[in-house]
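# Commentary on secondary and tertiary structure
Next come the chains, spelled out residue by residue.
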Amino acid sequence: MSRVLLVEDDPFVREGVQLGLRRRGHDVRAAGTGEDGLAALAEFRPDLLLLDLMLPGMTGVQVCRRIREHSQLPIIMLTARGDDFDVVIGLEAGADDYIVKPARPEVIDARIRAVLRRMDDGATGRPAIEVYGDLIIDRVGLTVSKAGRPLTLAPSELRLLLHLSAAPEQVFSRQQLLENVWEHTFHADGRLVDACVARLRGKIEDEVGHPRYVQTLRGFGYRFGPL
């Protein structure tokens, strides 16, 4: 049973999502403001945060940025249809995925389980610890360090790095990455990939404008290396 913290100011949406997720086996705590959500984090210690973007007072984007200063907590944004600008800002702030409201409880449940699903890279036959210059990837411990300094990667950033580095020089399209990293089996939003790549580059690259590790092949997608 996963522990989900829901931060949503609309009481009808909040009660509906809370009830639907509890029926599917989740332990859910709800808050109506960003401030209350942040206060509940330490006490409730959730496995995942379900975060509405449009909150009174402290916005969902501000909450996301505050959490990403010190935590790898998985974050799924809830957004109203058509809030494209807010979606981009939320993804850049560190959200791992987003769901457009209104959404059926089974859809939210499936997305939560996909984000929380532990990566099983042991079956790839690759070494447990890989060294690429000053970048070290521990596939068993699920940690990454650069120049001896541990990096705090959001779940989507870590999953993306593990997937790309498992096949150096292989080019993956955005849709392939959405299917393999985010487990979206439909034609989904490539902005999830682009925003995650940008955040990951900001943490692992020496020069974001000239990436060494996560490279873009225009018109095709992304690859790891060549190194």
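Okay, so let's go over this structure. Remember, it's a predicted structure, so these values are computed and weren't measured experimentally.

### Some thoughts on the overall build of the protein chain
The helix and strand inventory of the protein chain stands at 8 helices and 11 strands. Over its C-alpha atoms the protein chain spans a radius of gyration of 18 Å, differing by no more than 12% from the 17 Å that the globule rule assigns to 227 residues. The principal-axis extent of the C-alpha atoms belonging to the protein chain is close to 50 × 35 × 30 Å. Within the protein chain, the fraction of its 227 residues that count as buried is 49%. Accessible surface computed for the protein chain: about 11000 Å², of which carbon and sulfur atoms make up 52%.

### Regarding the pattern of salt bridges
Scanning the model with the defined rule gives 17 salt bridges in all. Arg29 is the salt-bridge partner of Glu43, the closest N and O atoms lying 3.8 Å from each other. Placement of the pair is Glu43 in helix H2 (residues 34-44) and Arg29 in strand E2 (residues 27-31), with a sequence separation of 14 residues. Judged by its relative accessible area of 60%, Glu43 is exposed. Taking the relative accessible area as the measure of exposure, Arg29 reaches 29% and is therefore partly exposed. Glu106 is paired through a salt bridge with Arg104; the nearest N and O atoms lie 2.9 Å apart. The class for Glu106 is partly exposed, based on a relative accessible area of 37%. A network of salt bridges, in which partner residues are shared, links Glu8, Asp52 and Lys101.

### Looking at the packing of aromatic side chains
Scanning the model with the defined rule gives 2 aromatic pairs in all. Measuring from ring centre to ring centre gives 4.9 Å for Tyr132 and Phe224, while their planes differ by 75°; the resulting arrangement is edge-to-face. Taken together, the positions of Tyr132 in strand E6 (residues 129-132) and Phe224 in strand E11 (residues 221-224) put the pair 92 residues apart, joining distant regions of the chain. Side by side, Tyr132 and Phe224 carry an identical accessibility label, which is buried. The aromatic ring of Phe44 is capped on one face by Arg3, whose charged end is 4.3 Å from the ring centroid.

### Describing helix H4 (residues 84-93)
Listed in full, the buried residues belonging to H4 are Val87, Gly90, Leu91 and Ala93. All buried residues of H4 project into a common sector of 155° when viewed along the axis, lining one side.

### Regarding the environment of His163
Position of His163 relative to the elements: it lies in helix H6 (residues 155-165). Judged by relative accessible area, His163 falls into the partly exposed class, the value being 21%. Sequence-wise, His163 and Leu177 are 14 residues apart; in three dimensions their C-alpha atoms are separated by 8.4 Å. Excluding anything up to four places from it in sequence, His163 contacts Phe172, Leu177, Asn180 and Val181.

Rules used in this analysis
Residues numbered from 1 in each chain as written. Predicted model: local features only at pLDDT ≥ 70, side-chain atom pairs only at ≥ 80, totals over all residues. Heavy atoms only, no water. Helix = DSSP H or I, 4+ residues; strand = E, 2+ residues; numbered from the N terminus. Rg over C-alpha atoms; globule rule 2.2 N^0.38 Å. Buried < 20%, exposed > 50% of the residue type's maximum accessible area, 1.4 Å probe, protein only. Areas by Shrake-Rupley, 256 points an atom, 1.4 Å probe, with all protein chains shown as cover. Salt bridge = Lys/Arg side-chain N within 4 Å of Asp/Glu carboxyl O. Phe/Tyr/Trp six-rings, centres within 6.5 Å; stacked < 30°, edge-to-face > 60°. Lys NZ or Arg CZ within 6 Å of the ring centre and 35° of its normal. Arc of directions from axis to C-beta. Contact = heavy atoms within 4.5 Å.

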